[in-house]
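# A closer look at the structure
Here is what each chain is made of, one letter per residue.
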Amino acid sequence: MSFTANSLFTDQEILDLQVLYLLSWTGNFFRREYSLISTLIKKGAGFSQDEKLELMQTLCDAIGRILPFYKELMDEGAIEISATPFYHPILPLLINLDSAKEALPEISMPAVFGDFKNDPDWHVAEASSYFQQTFGHKPAGMWPAEGSISREAAELFTRHGIKWIASDEDVLAGSKGISLSSPEQRKSLYKNYFYETKHGKINIFFRDKTLSDLIGFTYSSQDAEKSADDFIARLKEIYTASEKSPLVSVILDGENAWEYYPENAEPFFRALYKKLQSADWINTLTMSEAMTLADTEQEQLSNIRAGSWTYGNFTTWLGHKEKNEAWRLLASARLAVESCPDEALMGKGNERNT
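Note that the structure is predicted; figures quoted are calculated from it, not measured.

The subject of this paragraph is the packing of aromatic side chains. Here the structure, examined in full by the defined rule, presents 18 aromatic pairs. A centroid spacing of 4.8 Å and a plane angle of 50° characterise the contact between Phe131 and Phe135, whose relative ring orientation is tilted. Of this pair, Phe131 and Phe135 both sit in helix H8 (residues 119-135), 4 residues apart, roughly one helical turn. According to the relative accessible area criterion, Phe131 is buried, its value standing at 5%. Phe135 sits in the buried class, given a relative accessible area of 8%. Where Tyr193 meets Phe206, the ring centres are 5.7 Å apart and the plane angle is 85°; that geometry is what we call edge-to-face. Taken as a pair, Tyr193 in strand S3 (residues 192-197) and Phe206 in strand S4 (residues 200-207) lie far apart in primary sequence, 13 residues in all. Following the ring pairs from residue to residue traces out a cluster consisting of Tyr219, Trp258, Tyr261, Phe268, Phe269 and Tyr273. The cationic tip of Lys201 hangs over the ring face of Phe194; the distance from NZ or CZ to the ring centre is 5.0 Å.

In structure tokens, the structure reads:
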């Protein structure tokens, strides 16, 4: 049985759905800043086409304020902005598919002919260039897509002047050949790590998975004050168990978390920041500031075992039959494109472009 949209919804209902969808994704600040948004939220239904168009224009104006505001905060030293290689590539796999075997030697590999090893350089260069165009200078650090790093990726980042990258505690454990399950072993997570490449030193921050996931997946369903208290208490445990000042990295996909919190997590953030500010034993730092800390324990990594922040390996993107087939098709498409002359790809004359 099939239905058309017209048989399920009236034109007014479709219009209301469009407006409500746009309203649902507006944050707290814009709801307070723009009277139109708050008015439409109160109205709730029966929107007009003119109101939808006015809302769209208002949201375009609002979005246009975000990057200048970030730049202002960055110039003041309140925040640091990182970049990610263009188009979110899993760099270690593009550089060398066999890097997947470092974490899982038995992983099933795709039947790929040819390689993508020249692509990662472009991804990093383009991201750095776009960042410079937007903010006036190149980024000091990059968050590799999905926290995916390897020795070769570290070399690539330093070649482009990147001073720091970040990944997951499972990647650290695999790189050092240790377990972070016991309290004593876990202390090694809170050091200031760096890796030497032929292009220079690069700092690597490894996230505390527990603290990061509590914010990302757990606190959204709990009371804001109690959640903030729990977070501070866990930091206190790390602090009291450490001989030197521990460096604790909390890294998560924020855009996935806030929609599940009441009021887009504003009550939680206000409670947490207030407690962080009042605790005289906590300093909040940007990554670049953390690189220069003298009172944290620093350690040079002799190895980076290739992996991501998902299980410390690459099984999310490779190893299953369908995923491996996607790699084979991608490689096949790549070879087909490379075999075409440039004029065939770009079009030659008006008859080619129609």
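This next bit is on the sheet that holds strand S2 (residues 164-168). Spatially, the 5 strands line up as an open sheet ordered S1-S2-S4-S3-S5, and their pairing is mixed. Looking at strand neighbours, the two that pair on one side only are strand S1 (141-142) and strand S5 (298-301), the edges of this open sheet. Sheet analysis places S3 next to S4, joined by 5 bridges and oriented antiparallel. In the strand pairing of S4, Thr197 is matched with Gly200.

What follows is about the environment of Leu22. With respect to the helices, strands and loops of the structure, Leu22 is situated in helix H2 (residues 11-24). Here Leu22 falls in the partly exposed class, since its relative accessible area comes to 25%. Once the C-alpha coordinates of Leu22 and Glu255 are considered, the two residues, 233 residues apart in sequence, prove to be 16 Å apart. Among residues more than four places away in sequence, those in contact with Leu22 are Leu55, Met56 and Leu59.

Looking now at the packing of helix H5 (residues 49-64) against helix H6 (residues 66-75). Contact geometry for H5 and H6: axes closest at 4 Å, N-to-C directions at 20°. It follows that H5 is roughly parallel to H6 by the angle criterion. Between H5 and H6, the contacting residues are Ala62, Ile63 and Gly64 on the first element and Ile66, Leu67 and Pro68 on the second. Taken together, the residues of the contact of H5 with H6 sort by class into 5 nonpolar, 1 polar and no charged.

Let us now look at the pairing of S4. Of all the 8 residues making up S4, 6 are buried; the element is thus mostly covered by neighbouring parts of the structure. Two elements, S2 and S4, share 5 bridges in a ladder whose sense is parallel. Considered in S4, the bridge of Ser167 is made with Phe206. Adjacent in sequence and paired antiparallel, S3 and S4 are bridged by 2 residues.

Conventions adopted
- Residues numbered from 1 in each chain as written.
- Predicted model: local features only at pLDDT ≥ 70, side-chain atom pairs only at ≥ 80, totals over all residues.
- Heavy atoms only, no water.
- Phe/Tyr/Trp six-rings, centres within 6.5 Å; stacked < 30°, edge-to-face > 60°.
- Helix = DSSP H or I, 4+ residues; strand = E, 2+ residues; numbered from the N terminus.
- Buried < 20%, exposed > 50% of the residue type's maximum accessible area, 1.4 Å probe, protein only.
- Lys NZ or Arg CZ within 6 Å of the ring centre and 35° of its normal.
- Pairing = 2+ DSSP bridges.
- Contact = heavy atoms within 4.5 Å.
- Axes fitted to C-alpha atoms, helices over the stretch in contact; angles between N-to-C directions.
- Parallel < 35°, antiparallel > 145°, perpendicular 65-115°, else oblique.
- Nonpolar A, V, L, I, M, F, W, Y, C, P; charged D, E, K, R; others polar.

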